[in-house]
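So the chains spell out like this:
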Amino acid sequence: MTETPAPIPAVDLRPWRDGDAEARAHLARTVDRALQTAGFLLITGHGVDPLLRSGIRSAARRFFLLPPEVKRRYAARVGGRGWLGPGAEANGYAEGTETPPDLKESLTFATDEPFGDPAVDAEWYAPNVWPAEVPGLRPLCQEYLARMAGLETELLSLLGHALGLEPDIFSRHMDRPTYGFNINWYPGTEVVGRPRPGQFRIGPHTDFGTVTVLDRQTGRGGLQVYTDPADGGAGWQDAPWEPAALTVNIGDLLARWTGDRWRSGRHRVLPPPVDAPAEELMSLVYFGECTPGTLVESVPAPVGRVAYPPVDSHVYLREKLDSISVG
């Protein structure tokens, strides 16, 4: 009996770096199948130190536990740099669903090395805002972001290979990439209150850009991934989790790029569970993007399945970021 491949497999990146041609081809086929089904992967062998990840969580938690009046000094808009307080976002709006605000707080950082165009710098390369109350957070995050930038480059190389076209089909558009980095805090009901009907820690949505790399914690009020029953999927299910693994999903722009060969992974984060209302989780979310002004054009058939009109990558991103802003 042939075993059915898992819709969200765990893949080890080490054969991509060190394996022979057969091992690399097998890995690329596994990635291609998973991204056609759910748009998600778990990756191991990524080389990101777990102590770095836990150090960021510890420092960020010290910030989130500060009084609201202190945190408000760092208040930012969605897509900006700083603190997103309660009620700032409703991610369900990105797919046209009216939902109550998401039950979370976030610290957000992003690309800050100047691009050279004043308008682009103002929009996408503004200086980061680091909380003075937790000085240890900055070096930890900067180290983590350097690791994420290297990992993103490696993933894009793998994805180009998995698509079966030019290996640099994505990476050649990454000479001055932007990124976003959210530290999402999901406290229990003693902080956020009782969830309203249809309210989530993060409402159902797809990510907007190219590749998302997520370091998450497991919990009853954690990540769920949607696979379409019309295509043999199971609807909403808890995402698989491994302690050492990072979760990777592709966003709307990469799905458009592939002509919907690969899915923009639809997901949500459940509210605090009724039977564990004090559950607290924290996620580190890296949103890798391409260079501003990149024209995203669908690859042709037979690889691509839908021919989308070309779109400017960062015009698309800004529209989506604005759509989820409710605070």
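What you see is a predicted model, and the numbers here were worked out from it, not measured in a lab.

## Some points on the pattern of salt bridges
Here is step 1: Evaluated as defined, the whole model comprises 16 salt bridges.
Here is step 2: One salt bridge in this structure joins Asp 32 and Arg 261, with 2.8 Å as the shortest N-O distance. Of this pair, Asp 32 sits in helix H2 (residues 21-37) while Arg 261 sits in the loop between helix H8 (252-257) and strand E11 (266-269), and the two are 229 residues apart along the sequence.
Here is step 3: On the accessibility criterion, Asp 32 (10% relative accessible area) is buried.
Here is step 4: Its salt-bridge partner being Asp 275, residue Arg 220 comes within 2.5 Å of it at the nearest N-O pair. Linking Arg 220 in the loop between strand E7 (211-215) and strand E8 (223-227) with Asp 275 in the loop between E11 and strand E12 (281-288), this pair joins segments that are 55 residues apart in sequence. Like Asp 275, Arg 220 is exposed.

## Some points on helix H6 (residues 137-163)
Here is step 1: With 27 residues, H6 ought to run about 39 Å at 1.5 Å a step, and its terminal C-alpha atoms sit 38 Å apart, in line with that.
Here is step 2: After H6 finishes, the residue Gly 164 shows a positive phi value of roughly 80°.

## Here we look at the sheet that holds E11
Here is step 1: On the basis of which strands lie adjacent, the open sheet formed by four strands has the order E6-E11-E8-E9 and antiparallel pairing. Unpaired on one side and paired on the other, strand E6 (202-206) and strand E9 (235-238) mark the two borders of the sheet. Strand after strand, the sheet turns through a mean of 25° between neighbouring axes, direction not considered.
Here is step 2: Where E8 lies against E11, three bridges are found, and the strand directions are antiparallel. Opposite Gln 224, over in E11, you have Arg 268 as the bridge partner.

## Description of the packing of aromatic side chains
Here is step 1: Evaluated as defined, the whole model comprises 11 aromatic pairs.
Here is step 2: Pairing Tyr 179 with Tyr 286 gives two aromatic rings, centres 5.6 Å apart and planes at 25°, and the pair type is stacked. One end of the pair, Tyr 179, is in strand E5 (residues 179-186); the other, Tyr 286, is in strand E12, with 107 residues separating them in the sequence. Like Tyr 179, the residue Tyr 286 is buried in the burial classification.
Here is step 3: Between the NZ or CZ atom of Arg 266 and the centre of the ring of Tyr 226, over which it lies, the distance is 5.0 Å.
Here is step 4: Taking the ring centre of Trp 236 as reference, the NZ or CZ of Arg 268 above it sits at 4.2 Å.

## Describing the sheet that holds E12
Here is step 1: Spatially, the eight strands line up as an open sheet ordered E1-E2-E10-E7-E12-E5-E4-E3, and their pairing is mixed. Edge positions in the open sheet fall to strand E1 (10-12) and strand E3 (82-84), since each of these has one partner strand only. Pairwise comparison of adjacent strand axes, ignoring direction, gives a mean angle of 25° for this sheet.

## Details of H2
Here is step 1: Between its terminal C-alpha atoms H2 stretches 25 Å, which fits the 24 Å expected from 17 residues at 1.5 Å a residue.
Here is step 2: Every buried residue of H2 is accounted for by Leu 27, Ala 28, Thr 30, Val 31, Asp 32, Ala 34 and Leu 35.
Here is step 3: Structurally, H2 contributes buried residues whose contacts are with E1, helix H1 (14-18), strand E2 (40-44), H6 and strand E10 (246-250).
Here is step 4: Downstream of H2 by a residue or two, Gly 39 has a phi angle that is positive, lying close to 80°.

## Some words on the environment of Met 148
Here is step 1: Structurally, Met 148 is set in helix H6.
Here is step 2: Here Met 148 falls in the buried class, since its relative accessible area comes to 0%.
Here is step 3: Sequence separation between Met 148 and Thr 212 is 64 residues, and the spatial gap between their C-alpha atoms is 10.0 Å.
Here is step 4: Contacts of Met 148, omitting those with residues within four sequence positions, involve Val 48, Val 213, Leu 246 and Tyr 286.

## Describing the environment of Pro 195
Here is step 1: Among the secondary structure elements, Pro 195 is positioned in the loop between helix H7 (189-192) and E6.
Here is step 2: The partly exposed category is assigned to Pro 195, whose relative accessible area is 25%.
Here is step 3: Along the sequence, Pro 195 and Asp 102 sit 93 residues apart, while their C-alpha atoms lie 9.6 Å from each other.
Here is step 4: Excluding its chain neighbours within four sequence positions, the residues that come into contact with Pro 195 are Leu 103, Thr 189, Pro 271 and Pro 272.

## Details of unusual backbone geometry
Here is step 1: Residue Pro 302 is reached from Ala 301 by a cis peptide bond, and omega for that bond is 10°.
Here is step 2: Positionally, Pro 302 belongs in the loop between strand E13 (295-296) and strand E14 (311-312).
Here is step 3: Non-glycine residue Asp 260 carries a positive phi angle of around 65°.
Here is step 4: Looking at the element boundaries, Asp 260 is found in the loop between H8 and E11.

## A closer look at the nonpolar core
Here is step 1: Phe 64, Leu 137, Leu 159, Phe 170, Ile 183, Val 213 and Trp 262 are the most contacted members of the largest nonpolar core, which totals 71 residues.
Here is step 2: With near-sequence residues (within four places) excluded, Phe 170 lies in contact with Leu 156, Leu 159, Gly 160, Leu 163, Leu 254, Trp 257, Thr 258 and Trp 262.
Here is step 3: Listed in part, the 12 residues of the second largest apolar core include Val 225, Ala 239, Val 269 and Val 285.

Conventions used here
Residues numbered from 1 in each chain as written. Predicted model: local features only at pLDDT ≥ 70, side-chain atom pairs only at ≥ 80, totals over all residues. Heavy atoms only, no water. Salt bridge = Lys/Arg side-chain N within 4 Å of Asp/Glu carboxyl O. Helix = DSSP H or I, 4+ residues; strand = E, 2+ residues; numbered from the N terminus. Buried < 20%, exposed > 50% of the residue type's maximum accessible area, 1.4 Å probe, protein only. Expected span 1.5 Å × (residues − 1). Pairing = 2+ DSSP bridges. Axes fitted to C-alpha atoms, helices over the stretch in contact; angles between N-to-C directions. Phe/Tyr/Trp six-rings, centres within 6.5 Å; stacked < 30°, edge-to-face > 60°. Lys NZ or Arg CZ within 6 Å of the ring centre and 35° of its normal. Contact = heavy atoms within 4.5 Å. Core = buried A, V, L, I, M, F, W, Y, C linked by side-chain atoms within 4.5 Å.

By themselves, these observations are geometric and do not establish any function.
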